[in-house]
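The residues making up each chain are set out below.
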Amino acid sequence: MPTTTWNRHHVLSLADFTAAEYNTVLQTAASFQEVLSRRTKKVPTLQGQVVANLFFESSTRTRSSFELAAKRLSADTLNFAAATSSMTKGETILDTAKTYLAMGTDIMVVRHREAGVPNAIAAEMDRLGVKVSVLNAGDGQHEHPSQALLDLFTICTLIDPASPRLELLKGKKIAIVGDILHSRVARSNIWSLIASGAEVHLAAPPTLLPKLFAEYILEEAGVKNQNFIISSSPTPHSPLPTPQLFLHWQLEPALQNADFVMTLRLQKERMTAHLLPSLREYHQLFGITSTKLQLCKPNVKVLHPGPVNRGVEISSELMDDPEFSLIQSQVTSGVAVRMALLYLIGSSKV
């Protein structure tokens with residue numbers, strides 16, 4: 001499996017991922033996808049290593065996916081639950097992490113409702129001089145790297161199952177629709193899709209896609225990618241040179257001739273203000289339906305990171321339609337991609 005282009009000790013963000021690193025993840029995941037199709041789905045790659053799932057926030061797909069991925073690699077797993085942990089007695093996050101370190105943990109998979117917690121744990125492990133890797137499984141409104149990588153893998157394997165690679169998305173139009181303001185998935189997907197050369201169109205009401213978001217992305221882009229240009233034009237056309245990221249406060253221009261549509265969950269638990277008149281109005285204006293997909297290319301596919309609010313972000317009919325929906329494929333891809341990530345950061349410890 002390809003590891004020569006991989007030197008990363010932690011996976012905390014996709015903002016500084018290189019094309020070679022993306023392709024390494026995609027190729028490694030493809031190898032594990034083949035393993036998962038066999039009768040015997042287990043390999044001894046990480047035998048003897050310990051993977052601790054430190055989920056300080058609720059999760060179904062991500063947690064189960066990482067746990068299964070670790071077990072498929074023959075690693076031992078430890079699962080942390082905040083509600084039944086010593087944190088209820090006052091233990092700090094870093095002390096919890098050091099407790100798992102003392103148990104012999106090699107890889108920590110961390111999810112937290114506050115941005116920066118995985119980075120803080122990674123920094124503490126580095127300060128201690130231990131060879132413990134940290135994987136960000138979603139932190140606040142910051143990033144969700146493994147979700148974006150599995151989205152990328154799902155799309156690339158659809159285009160070329162035998163050889164998924166970043167360049168397959170060059171020139172493709174991809175619309176990301178929904179609660180972009182609160183979405184760590186959207187942020188990670190922006191980095192991966194821009195790196196692929198895709199044209200990314202963000203669509204949401206102004207309350208869920210404010211100018212402040214554009215300024216945040218532009219600031220990050222100035223550091224990470226000098227060719228990353230933002231346009232807030234309401235149409236796909238812009239006088240700016242080679243724009244790759246467009247912001248829309250209407251749905252139609254984002255969907256026009258789109259190759260893929262990613263719709264996002266309304267994260268009501270993160271909303272501190274009344275940002276929408278009603279869920280019914282949101283669905284009418286920004287909910288993805290079969291009728292609205294007629295604006296896209298005929299072979300358009302729809303993705304959603306889950307969990308899904310049926311009838312809000314996407315119609316139930318469309319969600320269950322195998323002709324358009326890749327939602328179940330995303331869940332399946334998640335195991336292979338997370339196996340790849342665990343393998344890549346864990347192989348140096350063997």
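Residues numbered from 1 in each chain as written. Predicted model: local features only at pLDDT ≥ 70, side-chain atom pairs only at ≥ 80, totals over all residues. Heavy atoms only, no water.

In the nomenclature of an unreviewed UniProt entry, the chain is known as Aspartate carbamoyltransferase of Nostoc commune NIES-4072. Its UniProt record gives the chain a comment under Function (unreviewed entry), which states: "Catalyzes the condensation of carbamoyl phosphate and aspartate to form carbamoyl aspartate and inorganic phosphate, the committed step in the de novo pyrimidine nucleotide biosynthesis pathway." Looking at the Subunit (unreviewed entry) heading of the UniProt record, one finds this comment for the chain: "Heterododecamer (2C3:3R2) of six catalytic PyrB chains organized as two trimers (C3), and six regulatory PyrI chains organized as three dimers (R2)." (UniProt positions renumbered as here; feature names shortened; annotations may be inferred.)

*Asks:* Tell me about the nonpolar core, and please be specific about residues and values.
*Replies:* Membership of the largest hydrophobic core comes to 92 residues, with the highest contact counts inside it found for L202, V261 and L342. Of the residues forming this core, the biggest block, 11 residues, is contributed by helix α11 (residues 327–346). Two domains each put at least three residues into this core: domain 1 (19–144 + 331–348) and domain 2 (147–330). In contact with L202, not counting residues within four places along its chain, are I176, I180, I190, L209, F213, L245, F246, L247 and H248. Residues L54, M108, V110 and M125 belong to the second largest nonpolar core, which totals 16 residues. (Core = buried A, V, L, I, M, F, W, Y, C linked by side-chain atoms within 4.5 Å. Buried < 20%, exposed > 50% of the residue type's maximum accessible area, 1.4 Å probe, protein only. Helix = DSSP H or I, 4+ residues; strand = E, 2+ residues; numbered from the N terminus. Domains from an automatic or database assignment. Contact = heavy atoms within 4.5 Å.)

*Asks:* Give me the lowdown on the packing of helix α2 (residues 61–72) against α11, citing residues and values where you can.
*Replies:* Close contact between α2 and α11 brings their axes to 8 Å; oriented N to C, the two are set at 60°. Our classification of the angle between α2 and α11 gives oblique. For the pair α2 and α11, the crossing hand works out as right-handed. Across the interface between the two elements, R61, T62, S65, F66, L68, A69, A70 and R72 from α2 touch G334, V335, R338, M339 and L342 from α11. (Axes fitted to C-alpha atoms, helices over the stretch in contact; angles between N-to-C directions. Parallel < 35°, antiparallel > 145°, perpendicular 65-115°, else oblique. Left-handed = near helix turned anticlockwise from the far one by under 90°.)

*Asks:* So what's going on with the pattern of salt bridges? Which residues, and what values?
*Replies:* Counting across every chain of the model gives 12 salt bridges. Where R8 meets E21, a salt bridge forms, and the shortest distance between an N and an O atom there is 2.9 Å. Placement of the pair is R8 in the segment before α1 (19–36) and E21 in helix α1, with a sequence separation of 13 residues. Of the two residues examined, R8 and E21, each falls in the buried class. Here D95 and K98 are joined by a salt bridge, their closest N and O atoms 4.0 Å apart. Highlighted residues: D95 and K98, both in helix α3 (residues 93–102), separated by three residues, approximately one helical turn. Among the residues examined, K98 registers a relative accessible area of 30% and is labelled partly exposed. Connected through salt bridges with shared partners, the residues D95, K98, E124 and R127 form a single ionic network. (Salt bridge = Lys/Arg side-chain N within 4 Å of Asp/Glu carboxyl O.)

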